[in-house]
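Given next are the chains, with one letter for each unit.
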Amino acid sequence: MKFVSTRGGIAPTSLDIALAAGLAPDGGLYVPAHIPQLAVQHAGATLADTATTVLAPWFAESKLQSQLAELCKNAYDFPAPLRSLSMPNDHLLELFHGPTAAFKDYAARFLAGCLSHLRDPAATIPTTILVATSGDTGAAVGAAFHRREGFSVAILYPDGRVSPRQAHGLGCFGDNVHAYRVDGSFDDCQRVVKQALTDIDLRTRVPLGSANSISLGRLLPQTAYYAHAALEFRARHGVPLNFIIPTGNLGNALACWLAKRMGLPIGGIVLASNANDVLPRYFGGDEYAPHATIATLANAMDVGAPSNFERLRWWHHDDSELRTSMRAFSVDDATIRDTIRHAPDRHGVVPCPHTATALHVLERLRADGDIRPWAVVATAHPAKFETIVEPLVGHPVDPPPALAAALALPATSTPLEADIAALRSALQQE
Ligand SMILES: *Cc1c(COP(=O)(O)O)cnc(C)c1O
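Engineer: Go over the overall build of the protein, please, and point to the residues and values.
Structural biologist: Per the secondary structure count, the protein includes 19 helices and 13 strands. A compact globule built from 430 residues should have a C-alpha radius of gyration of about 22 Å, and the protein, at 20 Å, falls within 12% of that. Projected onto the principal axes, the alpha-carbon positions of the protein cover approximately 60 × 50 × 40 Å. Within the protein, buried positions represent 60% of all 430 residues. As displayed, the protein offers around 16000 Å² of accessible surface, 53% of which is attributable to carbon and sulfur atoms.

Set out below in structure tokens:
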């Protein structure tokens, strides 16, 4: 399997090079030259075994091929249960049972395992994993690389735009993980990280790696839980499962689309956006028009220029074909609040603000007469956003054990201006 760039400026390259580089040298995103079809598709496997099966075609020529099963066993070692909600055909795919209580733990842990194995054993300077985060990526990547030999992590997050518990979760690692609170938005963080990763001069002095959702090593492993849920569902009910996915940078939803294209029994894919409605507008027929980020209650989805759109577009001939691949809806903050408030009664769950956007989209589909089985993807545990969720549901939401342990640690972060010169000097001092 060869990988090319969405910008067309590189020769086809191996998975191992693409994983280590993060961003293609021409500034584009790595994409597989073709999408393999999955021959073996059976239910009853563990999540880790399904992951191994689904990821195997991508790793066919990789140095990591023989370690794939073990990498999957280590990364997918917590469950992704598909839970029934109150009404028939309504389901919740819970992806928040990992160390930082968000779905990003799966891919971050898988990528960290890959990069450890790919690292040159003779290298003396640690590789700095650079990560821009709107909250949850940074924690997942920090946790995945914490105390990992040969690596350090620099997390950039928008100051004041993550929840207090998220900020704590970013700054609590210590050791080889450094948190920078950036004076700017998530898009600013992402821009500076992209600039650093394409700065040849900097990279000769500080070996850099990427773990953002633009990294292929984040995208591919996210196909596994969709495959697993869809296979189990078809085995039990005989029909494909449809997914509603809280969306920001479009990484998680693109993985679902990729799993569908590999032939897995996935029906409709619907994106739930917050007030950052560039995707709903596009899928509704408007031009693709990135805008400045709007801060919302679902902050991990505060993205005005979803990076993975470039991949989605690359995979389609034109806009009209692309617009048939999925639908997208925008949900404002007032509706997010309302959905959280009524979710215990209506659905039998307490959702985080991100999950609430998708729950609301489900309510809309039902109101329009859609009776198909839908899985709302629960991207984070509600206890991560307790300052929003608790007043709305009227009772405390207990953090899961791993989150509680992180909150008990002290946390620190360093202020950083939103420009490449500031980041360059910070990285050279580390
Ligand atoms: C990152 C994140 C999202 C958005 O996922 P994308 O892959 O960026 O679309 C949604 N919800 C939560 C809780 C997240 O952490």
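Engineer: Describe helix α7 (residues 186-197), listing the residues and the values that go with them.
Structural biologist: Here α7 is 12 residues long and its end C-alpha atoms lie 17 Å apart, about the 16 Å a rise of 1.5 Å per residue gives. Here α7 has its buried residues at F186, D187, C189, Q190, V192, V193, A196 and L197. Its buried side turned inward, α7 meets β5 (127-132), β6 (151-158), β7 (177-183), α8 (200-205), β8 (208-210) and α19 (420-429). Between the side-chain oxygen of the N-cap and the backbone nitrogen of D187 there are 3.3 Å, and the N-cap of α7 in question is S185.

Engineer: Please set out the pairing of β7 residue by residue, giving values where relevant.
Structural biologist: Every regular strand shows the same layout, with side chains that alternate between the two sheet faces. Sheet topology places β6 next to β7; 6 bridges connect them, and they run parallel. Residue pairing in the sheet places L156 in a bridge with Y180 of β7. Regarding the hand of the β-α-β motif, the stretch spanning β6, helix α6 (residues 164-171) and β7 is right-handed. Bridge count between β7 and strand β13 (residues 414-417): 4 bridges; the pairing is parallel. From the neighbouring strand, D183 faces β13, where its bridge partner is E417.

Engineer: Go over the site of the ligand, please, and point to the residues and values.
Structural biologist: The immediate surroundings of the ligand are formed by 15 residues, with K104, D136, G248, N249 and T379 found nearest. In this structure, an oxygen atom belonging to the ligand sits 2.9 Å away from a main-chain N or O atom of L250. G251 places a main-chain nitrogen or oxygen 3.1 Å from an oxygen atom of the ligand. Relative to its unbound accessible surface of 380 Å², the ligand loses 97% to contact with the protein.

Basis of the calculations
- Residues numbered from 1 in each chain as written.
- Predicted model: local features only at pLDDT ≥ 70, side-chain atom pairs only at ≥ 80, totals over all residues.
- Heavy atoms only, no water.
- Helix = DSSP H or I, 4+ residues; strand = E, 2+ residues; numbered from the N terminus.
- Rg over C-alpha atoms; globule rule 2.2 N^0.38 Å.
- Buried < 20%, exposed > 50% of the residue type's maximum accessible area, 1.4 Å probe, protein only.
- Areas by Shrake-Rupley, 256 points an atom, 1.4 Å probe, with all protein chains shown as cover.
- Expected span 1.5 Å × (residues − 1).
- Contact = heavy atoms within 4.5 Å.
- Polar contact = N/O pair within 3.5 Å; in protein donor to acceptor, adjacent residues only side chain to side chain.
- Pairing = 2+ DSSP bridges.
- Right-handed = clockwise from strand over helix to strand, strands pointing away.
- Near = heavy atom within 4 Å.

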